[in-house]
Amino acid sequence: MSINKRAILSGLLGATASFVGKLALDADSPVPSAVHSFCIANIIVNISSGNDDDEDEDAMSWVCPAVALATRGICLLCMIGANAIMISSFLDGMNESGSVVGTSLSTAANFSCSAMYGIIFFGEFVPVAWYFGAALIAAGMWLLSSVKLVDSTS
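Residues numbered from 1 in each chain as written. Predicted model: local features only at pLDDT ≥ 70, side-chain atom pairs only at ≥ 80, totals over all residues. Heavy atoms only, no water.

### Brief notes about the side chain of Ser-106
With respect to the secondary-structure elements, Ser-106 resides in helix H4 (residues 99–122). Overall, Ser-106 belongs to the buried group, its relative accessible area being 8%. Ser-106 has contacts with Ala-7, Ser-10, Gly-11 and Phe-90, leaving out every residue within four places of it along the chain. (Helix = DSSP H or I, 4+ residues; strand = E, 2+ residues; numbered from the N terminus. Buried < 20%, exposed > 50% of the residue type's maximum accessible area, 1.4 Å probe, protein only. Contact = heavy atoms within 4.5 Å.)

Below, the structure is given as structure tokens:
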């Protein structure tokens, strides 16, 4: 039995791209706020040694928000890069096992990984029925990955 690793990888990359995109674009994202807090606590303190308070407030009013915005931009570029690699991997996976199996494996891997990201990084609650459904998805992925294509042109 050969597992279609490329189709599964494309699903994982798609979920990762969505996760990074949420970090970049969500208003409640912890990454830009953590970078902004780090900027205020460390960078501005080093810049402000010797300056008067008005200049410090002017610097904090634009430097730290700009750093937080740059962090969002980096996350957005990482999302675009992960999506580009995902598309390449998805096409290779469909060539490897056919469009139905490749799409199904990619989608199942994407759903599963997206749920794991939500549980681990965003503290989302998952009911017990979800775990049963995840087990069925895993069983379906195993069944689909065991499918062998037969050349019908001979």
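### With respect to the environment of Leu-105
Looking at the secondary structure, you find Leu-105 in helix H4. In this structure, the C-alpha to C-alpha distance between Leu-105 and Leu-9, residues 96 residues apart in sequence, is 9.2 Å.

### Some thoughts on the nonpolar core
Counting 11 residues, the largest nonpolar core consists of Ala-15, Ala-17, Phe-19, Val-20, Leu-23, Ala-24, Cys-75, Met-79, Ala-82, Cys-113 and Tyr-117. Those elements that place two or more of their residues in this core are helix H1 (5–25), helix H3 (53–97) and H4. With six residues, the top contributor of residues to this core is H1. In this structure Cys-113 touches Leu-12 and Ala-15, once residues within four positions along its chain are discounted. (Core = buried A, V, L, I, M, F, W, Y, C linked by side-chain atoms within 4.5 Å.)

### Notes on the state of the cysteines
Taken as a whole and judged by the stated rule, the model has one disulfide. Here Cys-39 is linked by a disulfide to Cys-64, with a sulfur-sulfur distance of 2.2 Å. The S-S bond linking Cys-39 to Cys-64 shows a torsion near -80°; that makes this disulfide left-handed. With Cys-39 in helix H2 (residues 30–47) and Cys-64 in helix H3, this pair connects stretches of sequence that are 25 residues apart. Across the pair, exposure class does not vary: Cys-39 and Cys-64 are buried alike. The thiol of Cys-78 is unpaired, and the distance to the nearest cysteine sulfur, on Cys-75, comes to 6.3 Å. Exposure remark for Cys-78: the relative accessible area of 44% places this residue in the partly exposed category. (Disulfide = S-S within 2.5 Å.)

### A short note on H4
Between its first and last C-alpha atoms H4 spans 33 Å; for 24 residues at 1.5 Å apiece the expected length is 34 Å, and the two agree. Taken together, the buried positions of H4 are Val-101, Gly-102, Leu-105, Ser-106, Ala-108, Ala-109, Cys-113, Ala-115, Tyr-117 and Gly-118. Of the residues trailing H4, Gly-123 is marked for its positive phi of about 65°. (Expected span 1.5 Å × (residues − 1).)

### Examining a nonpolar patch on the surface
The grouping of Leu-25, Leu-76, Leu-77 and Ile-80 at the surface amounts to a nonpolar patch, some 400 Å² of accessible area in total. The dominant element in the nonpolar patch, judged by the number of residues it contributes, is H3, at three residues. Within the secondary structure layout, Leu-76 lies in helix H3. With relative accessibility at 31%, the residue Leu-76 sits in the partly exposed group. (Patch = residues over 30% accessible without salt bridge, like charges linked within 9 Å, V, L, I, M, F, W, Y side chains within 5 Å. Areas by Shrake-Rupley, 256 points an atom, 1.4 Å probe, with all protein chains shown as cover. Salt bridge = Lys/Arg side-chain N within 4 Å of Asp/Glu carboxyl O.)

### Here's the deal with the side chain of Ser-29
Within the element layout of this structure, Ser-29 appears in the loop between H1 and H2. A polar contact is formed between the side chain of Ser-29 and the backbone oxygen of Leu-23, at a distance of 2.5 Å. (Polar contact = N/O pair within 3.5 Å; in protein donor to acceptor, adjacent residues only side chain to side chain.)

### Considerations on the packing of aromatic side chains
Enumeration over the complete set of coordinates arrives at five aromatic pairs. Ring centres of Tyr-117 and Phe-121 lie 5.8 Å apart, and the angle between their planes is 40°; on these two criteria the pair is classed as tilted. Residue Tyr-117 and its partner Phe-121 are both found in helix H4; the two are separated by four residues, about one turn of the helix. Judged by relative accessible area, which is 18%, Tyr-117 ranks as buried. Pairing Trp-130 with Tyr-131 gives two aromatic rings, centres 5.1 Å apart and planes at 85°, and the pair type is edge-to-face. (Phe/Tyr/Trp six-rings, centres within 6.5 Å; stacked < 30°, edge-to-face > 60°.)

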